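The chain contents come next:
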Amino acid sequence: MKITNLDIVKSEKRFAFLSINRSVKSNKALRESIVKKGVLNPLIIMNASDIDDDTMLYDGADVLKGNARKFHYVVLDGQHRYNELMALVRQEEAKMKKNAEYVSNLKTTLPCLLMTKEDVGDVNEFMIELNSCSKNWRSVDYIENAHKVVRNDELIETINFFK
């Protein structure tokens, strides 16, 4: 396992997705977060050369069966973050093309956790484990967080008491 930062604009590294992973859908809140702060959580990736030739990979548009050599990395976790950042990069490039003086402030660095084949083991089992262990925050989680962060607020204390 190795932590690395990859700038997707300056780097020529190509990323693929596994066909066994969930479908990627646009996420407005994630996109807004990336605009404000950049990508906050690392993507979990592995070298594409470590993927079996019979595993189907795609780059968001084309399914490329058994052709991992076209890619440098495979995204195991973080498809949405990657896609939203790429969409923002395309928007910024269009703005720069229209206006030569436009300067983008978009943070294009992707924090990544590069896993080896030995770290991952069976890719399908790893993907199932990754996708079944995460939990989105519910209302009570936000209330508990506010109670911990905002001190001496009677309204938050009352709401927290009744959660």
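Residues numbered from 1 in each chain as written. Predicted model: local features only at pLDDT ≥ 70, side-chain atom pairs only at ≥ 80, totals over all residues. Heavy atoms only, no water.

### Quick word on the side chain of N160
Stated precisely, the cut-off is as follows: Working definition: helices are DSSP H or I runs of at least four residues, strands are E runs of at least two. Numbering for both runs from the N terminus. The buried label applies to any residue whose accessible area, calculated with a 1.4 Å probe on protein chains only, is under 20% of its type's maximum; exposed applies above 50%, and partly exposed to all values in between. Contacts are assigned to residue pairs that have any heavy atoms within 4.5 Å of one another.
Tracing the sequence through the fold places N160 in helix 6 (residues 154-162). Looking at N160, the relative accessible area reads 14%, which means it is buried. Apart from the residues lying within four places of it in its own chain, the contact partners of N160 are I143, E144 and H147.

### Focus: the packing of aromatic side chains
Defined as follows: The criterion for an aromatic pair is that two Phe, Tyr or Trp rings (for Trp, the six-membered ring) have centres within 6.5 Å, with stacked assigned to planes under 30 degrees apart, edge-to-face to planes over 60 apart and tilted to the rest.
Summed over the entire model, instances satisfying the criterion amount to five aromatic pairs. Judged by centre distance (5.6 Å) and plane angle (85°), the ring pair of F17 and Y58 falls under edge-to-face. Of this pair, F17 sits in strand 2 (residues 15-18) while Y58 sits in strand 4 (residues 56-58); the two residues are 41 residues apart in sequence, bridging distant segments of the chain. Here F17 matches Y58 in class, with each residue buried. Taken together, a centroid distance of 5.8 Å and an interplanar angle of 85° make the contact between F17 and Y82 edge-to-face. Here the residue F17 occupies a position in strand 2, and Y82 occupies one in helix 2 (residues 79-98), the gap between them amounting to 65 residues. Chaining the aromatic ring pairs together yields one cluster made of F15, F17, Y58, Y73 and Y82.

### Side note on the packing of helix 5 (residues 139-149) against helix 6
Counted only if it meets this: Between N-to-C directions, angles cover 0 to 180 degrees, with each direction set by a line fitted to C-alpha atoms, over the stretch in contact for helices. For classification purposes, angles smaller than 35 degrees are called roughly parallel, those larger than 145 roughly antiparallel, those between 65 and 115 roughly perpendicular, and all remaining angles oblique. Whether a crossing is left-handed or right-handed is set by the direction in which the near helix is turned from the far one by less than a right angle, anticlockwise for left-handed and clockwise for right-handed. Classification convention: Asp, Glu, Lys, Arg as charged; Ala, Val, Leu, Ile, Met, Phe, Trp, Tyr, Cys, Pro as nonpolar; all other residues, Gly among them, as polar.
Following both chains from N to C, one finds helix 5 and helix 6 inclined at 140°, their axes separated by 9 Å at the closest point. Taken together, helix 5 and helix 6 sit at an angle that is classed as oblique. The two elements helix 5 and helix 6 meet at a crossing, and its hand is left-handed. Along its contact with helix 5, which presents I143, E144, A146 and H147, the element helix 6 presents I156, E157, I159 and N160. Considering only residue class, the contact of helix 5 with helix 6 consists of four nonpolar, two polar and two charged.

### Structural notes on the layout of surface pockets
What counts here: Only protein atoms enter the 1 Å grid used here, on which a cavity is any set of points holding a 1.4 Å probe that cannot leave and a pocket is any open set flanked by protein within 12 Å on both sides along at least five of seven lines; residues with an atom within 4 Å of a point are listed as lining. Grid points are joined across faces, edges and corners, and a volume is the space filled by probe spheres set on the points.
Put simply, the largest pocket is a space of about 780 Å³. For the largest pocket, the lining is made up of 24 residues, of which L30, N41, H80, R81 and N136 are closest to its centre. Listed by contribution, the elements that provide at least two residues to the lining of the largest pocket are helix 1 (28-37), strand 6 (73-77), helix 2 and helix 4 (123-133). Looking at the lining of the largest pocket element by element, the count peaks at four residues for helix 1. Looking at the lining of the largest pocket, its residues break down into nine nonpolar, 11 polar and four charged.

### Let's talk about the packing of helix 1 against helix 2
In the contact formed by helix 1 and helix 2, the axes pass within 9 Å of each other and the chain directions differ by 65°. Viewed along their axes, helix 1 and helix 2 form a crossing whose handedness is right-handed. On the side of helix 1, the interface is formed by L30, R31, I34 and V35, while helix 2 contributes H80, R81, E84, L85, A87, L88 and Q91. Split into classes, the residues belonging to the contact of helix 1 with helix 2 amount to six nonpolar, two polar and three charged.

Interpretation note: all reported values are geometric properties and have no functional meaning in isolation.
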